[in-house]
Amino acid sequence: MKVLVAPDAFGGTLTAPEAARAIIEGWHRHAPEDELSTAAMADGGPGFVDVLHEGLGGELEVVTVRGPVGVEVPVTVLHADGTAYVESAQACGLHLVDPQDPLHATTYGVGQAIAAALDTGARRVVVGLGGSATNDGGAGLLAALGATADVPLDAGPEGLTGVTHVDLTAARARFDGIELVIAADVDVTLLGMFGATKTFGPQKGLTDEQIIAVDGILDRFVDATCGPTPAERRTADAKGAGAAGGLGFALMLLGGRVVSGIELVAEAVGLTTQAGDHDLVVTGEGAYDFSSRAGKVVFGVAAVAGAAARPCIVLAGQVLVGSREMRAMGVESAYAMADLVGVEAAMTEPYESLAALAERVARTWSPRDEE
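Just so it is clear, the model here is predicted, and its values are computed rather than measured.

K.L.:
So what exactly am I meant to see when it comes to the overall build of the protein here?
P.N.:
The helix and strand inventory of the protein stands at 17 helices and 13 strands. By the compact-globule yardstick of 21 Å for 371 residues, the protein fits well, its C-alpha radius of gyration being 21 Å. Based on the C-alpha atoms only, the size of the protein along its principal axes is roughly 75 × 45 × 35 Å. Expressed as a percentage of contacts within the protein between residues at least 6 apart in sequence, the contacts between residues at least 24 apart total 72%. Entry remark: accessible area of the protein is about 14900 Å², with carbon and sulfur atoms responsible for 50%.

Now the structure itself:
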């Protein structure tokens, strides 16, 4: 049997390549003669640059930027065929804040990383969005690229309180003749009931009261950057504007074009061709839940598998959707590490837990004659 293993990272416990190795190791314990291939995936969030480097080659440049709470952090920029790839999570990811500070966390470092990419002469810049600890509407990013305002742009959403005017002239000038691509992991808008703050604010540490306050602040930030009329505010309502706490919105203001992060990565690693050459596609992520529908790796990989008429299964830390929802996403079956070894073991021993799960799943999908 030929199996293509194409997982996402497992939420702070395993990178995508590590998850792929664990699945292959466990699968081979049961079916050592099966032929397993790896296509580690990312949707724009954590692992975006590493996965693309594995698929595209190119050169890596390490730059030091300001992290979400002010501490300097290293960011790796990938240069391949005239394009610079930047992963926002490396500069403002959830893994960089402990404790969380969503009212003051800034995307300034993402702007610094983009500036470094531009300084090398790149004519095309692709920014992967996802896994952020920030909810500042990309104000910090704009500041790092030269935008100015009547309030601090680099002090998180609380720093934007009372904003009435933002000058984007200098920031926009940096992108003259540059193709700016936004590889988003979700297609949410910036504001409102289904926007960035309401949808992802709780996982970044915002309380219910703070969610209402921050959404109001960002609403005024939209007025200050775009204008007050519905036609002027259209950018905030675009799909992907709410990605990474509003980084999508800021990049759109600079002329960025939104694409699906998973589709971009899938094309780079040749996922469609690989899927057609295998009998089964295995993907996975830390928590397989309803958010997986909105531009995430599992949904994208399942779509590619479906187009190739190949079954797709999911191995995850937890499975939080029912069989009907799975089928709607193009997934045949999903299996949880937590159900096999328990939540604690899944978190503390993720590699061995995932390998054990893969071994168990292989018994179903690659039965041996003697069994």
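The rest of the description comes next.
K.L.:
Which parts of the structure should I look at to understand helix H4 (residues 108-119)?
P.N.:
Note: α-helices contain 3.6 residues per turn, so residues at a spacing of three or four share the same orientation. Across its twelve residues, H4 extends 17 Å between first and last C-alpha, which sits within 8% of the 16 Å expected from 1.5 Å per residue. Burial within H4 is extensive, with ten of its twelve residues counted as buried. Buried within H4 are the following residues: Tyr108, Gly109, Val110, Gly111, Ala113, Ile114, Ala115, Ala116, Ala117 and Leu118. Directly after H4, the chain includes Gly121, whose backbone phi takes a positive value near 95°.

K.L.:
Help me out: how do you make sense of helix H9 (residues 208-225) in this one?
P.N.:
Along its 18 residues, H9 runs 26 Å from first to last C-alpha, staying within 8% of the 26 Å computed at 1.5 Å per residue. Where H9 is buried, its residues touch helix H5 (139-144), helix H6 (156-159), strand E8 (166-167), helix H8 (196-200) and helix H10 (247-253).

K.L.:
What's the story with the pattern of salt bridges in this structure? I'm lost.
P.N.:
Two side chains bearing opposite charge may form a pair once their charged atoms approach each other closely. In the structure shown here, the tally under the stated rule is eleven salt bridges. Residue Arg29 is joined to Glu359 by a salt bridge in which the shortest nitrogen-to-oxygen separation is 3.8 Å. Of this pair, Arg29 sits in helix H1 (residues 16-30) while Glu359 sits in helix H17 (residues 350-365); the two residues are 330 residues apart in sequence, bridging distant segments of the chain. Take Arg29: its relative accessible area is 35%, and that puts it in the partly exposed class. Taken together, the salt bridges that share partners define one network made up of Glu25, Arg29, Glu352, Glu359 and Arg363.

K.L.:
How should the nonpolar core be read in this particular structure?
P.N.:
Soluble globular proteins tend to bury their nonpolar side chains together. Core analysis: the biggest nonpolar cluster contains 66 residues, and Ile114, Leu141, Leu142, Phe221 and Phe249 have the highest contact counts within it. Counting residues per element, this core draws most heavily on H4, at eight residues. The next biggest cluster of nonpolar side chains, apart from the first, holds 42 residues, and it includes Phe48, Tyr85, Ile262 and Val321.

K.L.:
Mind showing me how you'd approach the packing of helix H2 (residues 48-56) against helix H11 (residues 261-269) here?
P.N.:
Two packed helices can be described by the angle between their axes and the distance between those axes. Interhelical geometry of H2 versus H11 gives an angle of 25° and a closest axis separation of 8 Å. With respect to H11, the element H2 is oriented roughly parallel. For the pair H2 and H11, the contacting residues are Phe48, Val51, Leu52, Gly55 and Leu56 in the first and Leu264, Val265, Ala268 and Val269 in the second. A per-class count over the contact of H2 with H11 returns eight nonpolar, one polar and no charged.

K.L.:
Help me out: how do you make sense of the sheet that holds strand E2 (residues 35-38) in this one?
P.N.:
Where strands meet in a sheet, backbone hydrogen bonds hold them as pairs that are either parallel or antiparallel. Taking strand neighbours across the sheet as the criterion, the five strands line up as E2-E1-E11-E12-E13 in an open arrangement whose pairing is parallel. The sheet is open, and its two borders are formed by E2 and strand E13 (333-336), each paired with just one other strand. Across this sheet, the average inter-strand angle for adjacent strands is 25°, counted without regard to direction. Inspection of the sheet shows strand E1 (residues 2-5) paired to strand E11 (residues 280-288) by three bridges, in the parallel sense. Paired with Val5 across the strands is Val282, a residue of E11. Docked against the sheet, H1 engages E1, E2, E11 and strand E12 (312-319), running at close to 175° with respect to E2. H17 contacts E11, E12 and E13 of the sheet and is inclined by roughly 145° relative to E12.

K.L.:
In this structure, what is going on with unusual backbone geometry? I would like to understand it.
P.N.:
Trans peptide bonds make up most of the peptide bonds, and negative phi angles are found at most residues other than glycine. The residue after Asp98, namely Pro99, is reached through a cis peptide bond having omega 5°. Take Pro99: it is sitting in the loop between helix H3 (89-92) and H4. You will see that Asp81, though not glycine, has its phi angle at about 55°, which is positive. Secondary-structure assignment places Asp81 in the loop between strand E4 (72-80) and strand E5 (83-87). With a phi angle near 55°, Ala244 is a residue other than glycine that sits in the positive phi range. Topologically, Ala244 is positioned in the loop between H9 and H10.

Conventions adopted
- Residues numbered from 1 in each chain as written.
- Predicted model: local features only at pLDDT ≥ 70, side-chain atom pairs only at ≥ 80, totals over all residues.
- Heavy atoms only, no water.
- Helix = DSSP H or I, 4+ residues; strand = E, 2+ residues; numbered from the N terminus.
- Rg over C-alpha atoms; globule rule 2.2 N^0.38 Å.
- Contact = heavy atoms within 4.5 Å.
- Areas by Shrake-Rupley, 256 points an atom, 1.4 Å probe, with all protein chains shown as cover.
- Expected span 1.5 Å × (residues − 1).
- Buried < 20%, exposed > 50% of the residue type's maximum accessible area, 1.4 Å probe, protein only.
- Salt bridge = Lys/Arg side-chain N within 4 Å of Asp/Glu carboxyl O.
- Core = buried A, V, L, I, M, F, W, Y, C linked by side-chain atoms within 4.5 Å.
- Axes fitted to C-alpha atoms, helices over the stretch in contact; angles between N-to-C directions.
- Parallel < 35°, antiparallel > 145°, perpendicular 65-115°, else oblique.
- Nonpolar A, V, L, I, M, F, W, Y, C, P; charged D, E, K, R; others polar.
- Pairing = 2+ DSSP bridges.

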